[in-house]
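# Fold and contact review
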Amino acid sequence: MYTQGNGTKMFMGALTILVMVALAIVQRRFGYPLPAIFASIVYFFIFFSVVIGTFGGGYRINHFDDFLHVFSGIWIGYASWIILRHLLKNGGAPHLPDSFIALYMISFSLAAAAVWELLEFAGDKLFSFTAQGRDPDDTMIDMIMGLIGGAITAIAILKLRHKGLYVKKK
């Protein structure tokens, strides 16, 4: 792919494999299997972004990229909740105030969106990719979409908490 001028596709394919291997290593190393719904969301995202988007030409569809950034904000927000619960061993998570959880999840999603945009910028500058579409507004819109996705997840998790889910039973 690289010799045929498809460096972006080669990079996305390699990144996909790296993410899938990283997930497997994390689960095996820490003996902490990820929730099935989370793993499904990640694989769904990979399928849409890489298979349909990169290899299938999905990025030519209006707002396809926006959809993916909202969706990534959702799964990153969910990942932040999994990380928080794991770090607290779920003992303290039920006692955290809603405002902290929402701020944490939204901030985590926004930070991940910023890191992704930095990677896109670096790829565009170093390897002549076109991830940012040559439009400076694209970066801000992508980050806003990630923020919206994180907010969606925060609202969903807080609603589940109030229904008694995600609370450690004694």
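Everything that follows concerns the structure shown earlier in this document.
Below is a short write-up of the structure. (Residues numbered from 1 in each chain as written. Predicted model: local features only at pLDDT ≥ 70, side-chain atom pairs only at ≥ 80, totals over all residues. Heavy atoms only, no water.)

### A short note on a nonpolar patch on the surface
Taken together, the side chains of Ile83, Leu87, Leu88 and Phe108 make up a nonpolar region of the molecular surface, amounting to roughly 340 Å² of accessible area. One can find leucine 87 in helix 3 (residues 64–87). For leucine 87, a relative accessible area of 62% corresponds to the exposed category. (Patch = residues over 30% accessible without salt bridge, like charges linked within 9 Å, V, L, I, M, F, W, Y side chains within 5 Å. Areas by Shrake-Rupley, 256 points an atom, 1.4 Å probe, with all protein chains shown as cover. Salt bridge = Lys/Arg side-chain N within 4 Å of Asp/Glu carboxyl O. Helix = DSSP H or I, 4+ residues; strand = E, 2+ residues; numbered from the N terminus. Buried < 20%, exposed > 50% of the residue type's maximum accessible area, 1.4 Å probe, protein only.)

### Description of the environment of arginine 60
Relative to the helices and strands, arginine 60 resides in the loop between helix 2 (36–55) and helix 3. Given a relative accessible area of 72%, arginine 60 falls into the exposed group. Measuring from C-alpha to C-alpha, the distance between arginine 60 and arginine 161 comes to 39 Å, with 101 residues separating the pair along the chain.

### Quick look at the packing of helix 1 (residues 7–30) against helix 2
Direction vectors running N to C along helix 1 and helix 2 enclose 170°, while the axes themselves pass 10 Å from each other. The angle between the axes of helix 1 and helix 2 places the two elements in the roughly antiparallel class. Contact residues: Lys9, Met12, Thr16, Val19, Met20 and Leu23 in helix 1; Phe38, Val42, Tyr43, Ile46, Val50, Thr54 and Phe55 in helix 2. For the contact of helix 1 with helix 2, the class distribution of residues is 10 nonpolar, 2 polar and 1 charged. (Axes fitted to C-alpha atoms, helices over the stretch in contact; angles between N-to-C directions. Parallel < 35°, antiparallel > 145°, perpendicular 65-115°, else oblique. Contact = heavy atoms within 4.5 Å. Nonpolar A, V, L, I, M, F, W, Y, C, P; charged D, E, K, R; others polar.)

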